[in-house]
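Structure at a glance
Spelled out, the chains give:
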Amino acid sequence: MRVQKILSVLIVGLSVNAWALPSNKSLLTKEEAQNRFAQVSDVKYGLAFTLPEKGPDYQGRVTISMKILKADQPLRIDFTGGQVKSLKVNGETAVFTYNDQFILINSGILKAGNNSAAIEFTHPYSTDGDGLYRFEDPVDKKIYIYSNLEPFDANRVFPCFDQPDIKATYTMDVTAPKSWEVVTSVLETGKKASGEMLVWNFPESAVMSTYIWSLHAGPYHVWKDNAGKIPLRLMARESLAKYVVAKDWFTFTKQGLRFFPRYFNTNYPYKKYDQVIVPDFNAGAMENVAAVTFSERFISRGVYSHRQRVSIASVLLHEMAHMWFGDLVTMKWWNDLWLNESFATYMSSLAMSEATEFKKDAWRDFAQGKVGSYRADQWVTTHPIEAPVQSTDDAFANFDAITYGKGASLQKQLVLYLGERKFQKGIQNYFKKHAGGNTTLTDFMRALSQASGKDLTAWSEMWLRTAGLNTLTADLVCGDDGKIQSLKLLQTAPDAHSHLREQVTKVAFLKSGKSGIKVQKVTNVLFKGASTDVNVKGQACPDIVFPNYEDHAYIKVQLDPISLKSVKAGIQNVEDPLTRQMLWVTLWDMVRDAKWSVKEYAELVLEQMPLEKDDKIIRFVSNNAASNSDLSNVFSYLPRETENDKKYLADWIGRFETLARTELEKSPAGSERQKIWFNVFVNTGETPQAREKMQALLDGNAKLPEFTVDQDKRWALIQTLCVQWDPTAKSRMEKEAVTDTSAQGQLEVLTCQAALADASNKKAIMEKLKVSDNFSSLKKADATVRGLYPNRQEPLIEPLSKNFYDTLAAALKKESPTYLKTLTNAAPRECGTSAKFGSAEFLASQKTLPATVQKALKIINQEGQTCRQIRALAKDQSLTAPN
């Protein structure tokens, strides 16, 4: 049969059906998925792929064996963007319709019971990182291929039933160049030559959903080890292999494969464990069954910092937890995506705290991770954890900090509420009952309820089906005798989400002494409603009350006046590092809520950071001070409308730069702190003196003890010079591009080019961004976007706002949701008042927008309002540095 792209044939006898033909974009609705689940079962895929080293397309064949439960309906097989060469049903050539998004088979061809559909097809390799992606290494021209399929991209690889509750087994033959490795969920049973190619034979896999099936291929460098009887492999591109510390990866892997089977009382469910580090990856990592993919951003081209090693271990253990929760037991539909991700996030922290070298700080990192969840839960785009998902497009929009962090926080809260052993027993029972199947939230909660003896129905309604973040404040009254007269915990809810929830927290009472500020007493409190009395009358009045000690509650804290005064006077003296860290988080929340002046926070940073000895706190506070990553930082929030405010801003920038440079130079040689202050200095320096220091570091005229300015750090320095429009920036960028011809180097050049502080340059780039075809990969578009609107260029950026929205409007007409999401990340941040056209106007002008685009623009608009409120509170406030 000839290639059919869209077959305009009226199929004789085709009844009215649920599948809309044609569709305007590739998605699957919940209703469609439910109908198909009732139609087919017992699915097996027999796959064959030919992966040529050259050319934009690959060839494939799939035989789908299945049981048809309802033969009187047409059958939809998802397949986006390919070409169907032939289709046979039960051995007979079949008439079908293909609309570039799915194949529709006439119900008259099907029969009740066992059926098969054999489809020959071709498909282009992906250029946006989803589907089956092809990458050419610019260093050695070697080709690497990998799959990335969540939530609805398996159908961009081969024809299938692309929904999580139609699980299947897979057998596969792959024809590939002889120098390549080929990886999927099982080890090959054999390889045989076929001309210049090899044919790899893979046996039947375990049952799994389509989105966690995988196919990776290329001349990957391979490291091997084992965890008991489980074979382990780690893979990376040959040109990157020298930077991979395989020992760390295998150590963390073995620790996880010891911890999780014991905790879950369920053996690792697959026969091997591969981890593949891949280029241009859109996410951090992906839990493909027994063949996990990781972004190359975890690889440093220099000495790894402690933070980088923690990040590798944390993400590695997160993906490993998915082998049980997500892969072995899978959500039925995308509304329970949160359960997959929150469970893996919580279990990663638990494994870090009990099984790795990072035990000491695991829960501190967890607490820090909640900051992003708190922020997302206060945006207008917040949603219940169990959000309604009507289509796969909605699922894509819900990959956020609420899905991951808030859900994980509630898992931690459940442990305190139910008891650790009962929580663990519930998890074990859940795996025992549902292994190999699909579940809903009800199944999970039932397992925990049965193990603990507690009905979690009300808890689920209160926490999982409502949105928003509540605030907790201690109302402390002390008498003249220094004793507590009363203490109430006051809970408030945002206007849009007026739910006053019930949860357990630990209230800590801190007192100043000669050796610092120490926790003197801790009491557990179940708080609910607007006010909860705490029975501590007559006890010594504390200097600080902190009502979320050890971070068990999911709550934002606002300090009472007594505590705020004590914290401002001596936060560096708070002995417990987690409490001190959370107090800094609370202070920043109060700034963002316009409850405390950003100028006072700015002064506290300059006063306290030279005294702070904890690396995690230094990193957090310094990022709040002057991060370039988003609008939320002191630099952006300081007002600048009046002459007094402009003078204060310039003065504060100079003092903060001096702080960063001083702390960098006095940090212990080769220490984590030295790396932190280097990053702070590079990300924030903008005075002539700072730029001279950066140039000297690049030229080798300045050195730091036991510190190497490696390739990644060189690019960080050059990017800052580009943002500042340093006279040497462009020539340095061009020279570095000749030295670093790697894939990462090419991305760094694009970011630097976009960052150059020149309006005509940025207008030309925005014109280019209108069409994704102007970029050979989505990653290159993303690299360009990241440099376009840095925070330090506010006066230049605001007049260009209209140009950006013209670009977005043009792209909306024909670009994919994935590209549009990337493009929207370039939207100018809005804090000043001079922009004539911004997110609010654009949202009002558009009748329909993809969910991810609409969400991003609403957040940008709200963050702009937040920034203006913060500036207004501090405007013309008389505040100068202490003498």
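Before reading on, note that the structure itself is shown above.
A few points on the structure. (Residues numbered from 1 in each chain as written. Predicted model: local features only at pLDDT ≥ 70, side-chain atom pairs only at ≥ 80, totals over all residues. Heavy atoms only, no water.)

Notes on the overall build of the protein
- Along the backbone of the protein there are 28 helices and 29 strands.
- Here the protein has a C-alpha radius of gyration of 28 Å; the compact-globule value for 883 residues is 29 Å, and the two agree.
- Seen through its C-alpha atoms, the protein measures out along the principal axes to roughly 90 × 70 × 55 Å.
- With 883 residues in all, the protein has 60% of them scored as buried.
- By sequence separation, contacts in the protein at least 24 residues apart represent 72% of the contacts at least 6 residues apart.
- Summing over all exposed atoms, the protein offers an accessible surface of approximately 34,300 Å²; the carbon and sulfur share of this is 49%.
- Between the mean site of the 109 positive side-chain charges and the mean site of the 100 negative ones, the protein shows a separation of 2 Å. (Helix = DSSP H or I, 4+ residues; strand = E, 2+ residues; numbered from the N terminus. Rg over C-alpha atoms; globule rule 2.2 N^0.38 Å. Buried < 20%, exposed > 50% of the residue type's maximum accessible area, 1.4 Å probe, protein only. Contact = heavy atoms within 4.5 Å. Areas by Shrake-Rupley, 256 points an atom, 1.4 Å probe, with all protein chains shown as cover. Lys, Arg positive; Asp, Glu negative; His and termini not counted. Charge placed at Lys NZ, Arg CZ, Asp CG, Glu CD.)

Side note on empty space enclosed by the protein
- Under the definition given, this model contains 6 cavities of 30 Å³ or more.
- Quantified by volume, the largest cavity comes out at close to 120 Å³.
- Counting residues per element, the ones that place at least two in the lining of the largest cavity are α5 (362–376), β29 (556–558) and α12 (577–592).
- A breakdown of the residues in the lining of the largest cavity according to their chemical character gives 8 nonpolar, 4 polar and 4 charged.
- Leu631, Ser636, Tyr789, Pro790, Asn791, Glu794, Ile797, Glu798, Arg829, Glu830, Cys831 and Gly832 are the residues that line the second largest cavity.
- Of the residues belonging to the lining of the second largest cavity, the class tally is 5 nonpolar, 3 polar and 4 charged. (1 Å grid on protein atoms, 1.4 Å probe; cavity = no way out; pocket = protein on both sides within 12 Å on 5 of 7 lines; lining within 4 Å. Points joined across faces, edges and corners; volume = space filled by probe spheres on them. Nonpolar A, V, L, I, M, F, W, Y, C, P; charged D, E, K, R; others polar.)

What to know about the packing of helix α19 (residues 711–723) against helix α20 (residues 729–739)
- Two elements in contact, α19 and α20, have axes whose closest approach is 9 Å; the angle formed by their N-to-C orientations is 155 degrees. Classified by the angle their axes make, α19 and α20 are roughly antiparallel. The chirality of how α19 crosses α20 is left-handed. Along the contact surface, α19 presents Gln711, Arg714, Trp715, Ile718, Leu721 and Cys722, while α20 presents Ala729, Arg732, Met733, Glu736, Ala737 and Thr739.
- Its residues assigned to classes, the contact of α19 with α20 shows 7 nonpolar, 2 polar and 3 charged. (Axes fitted to C-alpha atoms, helices over the stretch in contact; angles between N-to-C directions. Parallel < 35°, antiparallel > 145°, perpendicular 65-115°, else oblique. Left-handed = near helix turned anticlockwise from the far one by under 90°.)

Remarks on the layout of surface pockets
- Counted as a void, the second largest pocket has a volume near 1,400 Å³.
- Lining the second largest pocket are 46 residues; nearest its centre among them are Asp128, Arg156, Glu815, Ser816 and Pro817.
- For the lining of the second largest pocket, the secondary-structure elements that each account for two or more residues are β8 (113–124), α6 (392–397), α23 (778–788) and α26 (817–824).
- In terms of residues, the lining of the second largest pocket owes the most to one element, α26, which gives 4 residues.

Looking at the sheet that holds strand β26 (residues 516–527)
- Ordered by their spatial adjacency, 3 strands build an open sheet running β26-β25-β28, and the pairing between neighbours is antiparallel. Of all the strands in the sheet, the pair left with one neighbour each is β26 and β28 (544–546). Ignoring which end each strand starts from, the neighbouring axes of this sheet average 20 degrees apart.
- Bridge count for strand β25 (residues 503–513) against β26 is 11 bridges, and the pairing is antiparallel. Bridged to Thr505 within β26 is Val525. (Pairing = 2+ DSSP bridges.)

Some points on the sheet that holds strand β4 (residues 83–89)
- Spatial strand order, β5-β4-β8-β2-β1-β11-β14-β13: 8 strands in an open sheet with mixed pairing. Two strands in the sheet have a free side with no partner beyond their single neighbour: β5 (92–93) and β13 (190–194).
- Bridging between β4 and β8 involves 6 bridges; their strand directions are antiparallel. When the sheet's bridge partners are listed, Val89 is paired in β8 with Ala117.

Description of unusual backbone geometry
- Cis geometry marks the peptide bond from Glu150 to Pro151; its omega dihedral reads 0 degrees.
- Backbone geometry places Asp100, a non-glycine residue, at a positive phi of 80 degrees.
- One can find Asp100 in the loop between β6 (96–98) and β7 (102–105).
- Of the residues examined, Asp100 reaches a relative accessible area of 24% and is grouped as partly exposed.
- Here Asn265, not a glycine, exhibits a phi torsion of approximately 55 degrees, which is positive.
- Mapped onto the secondary structure, Asn265 falls in the loop between α2 (246–264) and β18 (273–278).
- Here Asn265 falls in the exposed class, since its relative accessible area comes to 61%.

Quick word on the state of the cysteines
- Counted by the stated rule, this structure contains 2 disulfides.
- Sulfur-sulfur distance for the disulfide between Cys831 and Cys867 comes to 1.6 Å. Measuring the twist about the S-S bond at about -75 degrees, one finds the Cys831-Cys867 disulfide to be left-handed. Taken together, the positions of Cys831 in the loop between α26 and α27 (839–845) and Cys867 in helix α28 (residues 851–874) put the pair 36 residues apart, joining distant regions of the chain.
- Disulfide partners in the protein, listed by the sequence order of the bonded cysteines, are 1-2, 3-4.
- The structure places no disulfide on Cys752, whose sulfur is separated from the nearest cysteine sulfur, that of Cys722, by 3.8 Å.
- Taking relative accessible area as the criterion, Cys752 reaches 0% and is therefore assigned buried. (Disulfide = S-S within 2.5 Å.)

Observations regarding the side chain of His434
- Examined against the element boundaries, His434 turns out to sit in helix α8 (residues 420–434).
- Here His434 falls in the buried class, since its relative accessible area comes to 15%.

Here we look at the pattern of salt bridges
- Tallying each qualifying case throughout the model produces 52 salt bridges.
- With a shortest N-O distance of 3.5 Å, Arg786 and Asp782 are connected by a salt bridge. Of this pair, Arg786 and Asp782 both sit in helix α23, separated by 4 residues, roughly a single helical turn.
- Connected through salt bridges with shared partners, the residues Glu32, Arg36, Arg76 and Asp78 form a single ionic network. (Salt bridge = Lys/Arg side-chain N within 4 Å of Asp/Glu carboxyl O.)

Considerations on helix α4 (residues 337–355)
- A rise of 1.5 Å per residue sets the reference length of α4, with its 19 residues, at 27 Å; its end C-alpha atoms lie 26 Å apart and thus fit the reference within 8%.
- The buried count for α4 comes to 18 of 19 residues, which makes it a mostly enclosed element. (Expected span 1.5 Å × (residues − 1).)

Comments concerning the environment of Tyr549
- Tracing the backbone shows Tyr549 in the loop between β28 and β29.
- Under the relative-accessibility criterion, Tyr549 is labelled buried at 13%.
- Considered as a pair, Tyr549 and Glu672 are 123 residues apart in the sequence and their alpha carbons are 27 Å apart.

Some words on helix α11 (residues 561–570)
- Residues of α11 that are buried include every one of Ser563, Leu564, Ser566, Val567 and Gly570, and no others. Buried residues in α11, looked at end-on, bunch into an arc of 165 degrees, giving them a common side. In α11, the exposed residues that point more than 90 degrees away from the buried face are Pro561, Lys565 and Ala569.
- Packed against the buried residues of α11 are β26, β28 and α12.
- For α11, the N-terminal capping position is held by Asp560, with its side-chain oxygen 3.1 Å away from the main-chain nitrogen of Ile562. (Arc of directions from axis to C-beta. Polar contact = N/O pair within 3.5 Å; in protein donor to acceptor, adjacent residues only side chain to side chain.)

A look at the nonpolar core
- Judged by nonpolar contacts, the single largest core of 157 residues is most densely connected at Tyr45, Phe49, Leu51, Phe158 and Trp213.
- In terms of residue count, α4 provides more of this core than any other element does, 11 residues in total.
- Those residues within four positions of Leu51 in sequence are excluded, and the remaining contacts are Tyr58, Tyr125, Leu132, Ile145, Val174, Thr175, Ala176, Pro177, Trp180, Met197, Leu215 and Ala217.
- Formed by 95 residues, the second largest nonpolar core is a distinct cluster that contains Leu564, Met590, Leu698 and Cys867. (Core = buried A, V, L, I, M, F, W, Y, C linked by side-chain atoms within 4.5 Å.)

Focus: the packing of aromatic side chains
- Using the criterion set out here, one finds 52 aromatic pairs in the structure.
- Consider the rings of Trp596 and Tyr601, whose centres lie 6.2 Å apart with planes at 80 degrees: the pair is edge-to-face. Comparing Trp596 with Tyr601, the two get one shared label, buried.
- Stacked on the ring of Trp200, the Lys or Arg Lys191 has its end atom at 4.4 Å from the ring centre.
- One Lys or Arg, Arg792, reaches over the ring of Phe635 and ends 3.9 Å from the middle of that ring. (Phe/Tyr/Trp six-rings, centres within 6.5 Å; stacked < 30°, edge-to-face > 60°. Lys NZ or Arg CZ within 6 Å of the ring centre and 35° of its normal.)

What to know about the side chain of Arg156
- On the secondary structure map, Arg156 appears in the loop between β10 (143–148) and β11 (168–177).
- Looking at Arg156, its side chain comes within polar contact range of the side chain of Asp128, at 3.1 Å.
- With near-sequence residues (within four places) excluded, Arg156 lies in contact with Tyr58, Thr80, His123, Ser126, Asp128, Asp130 and Gly131.

Structural measurements only, silent on function.
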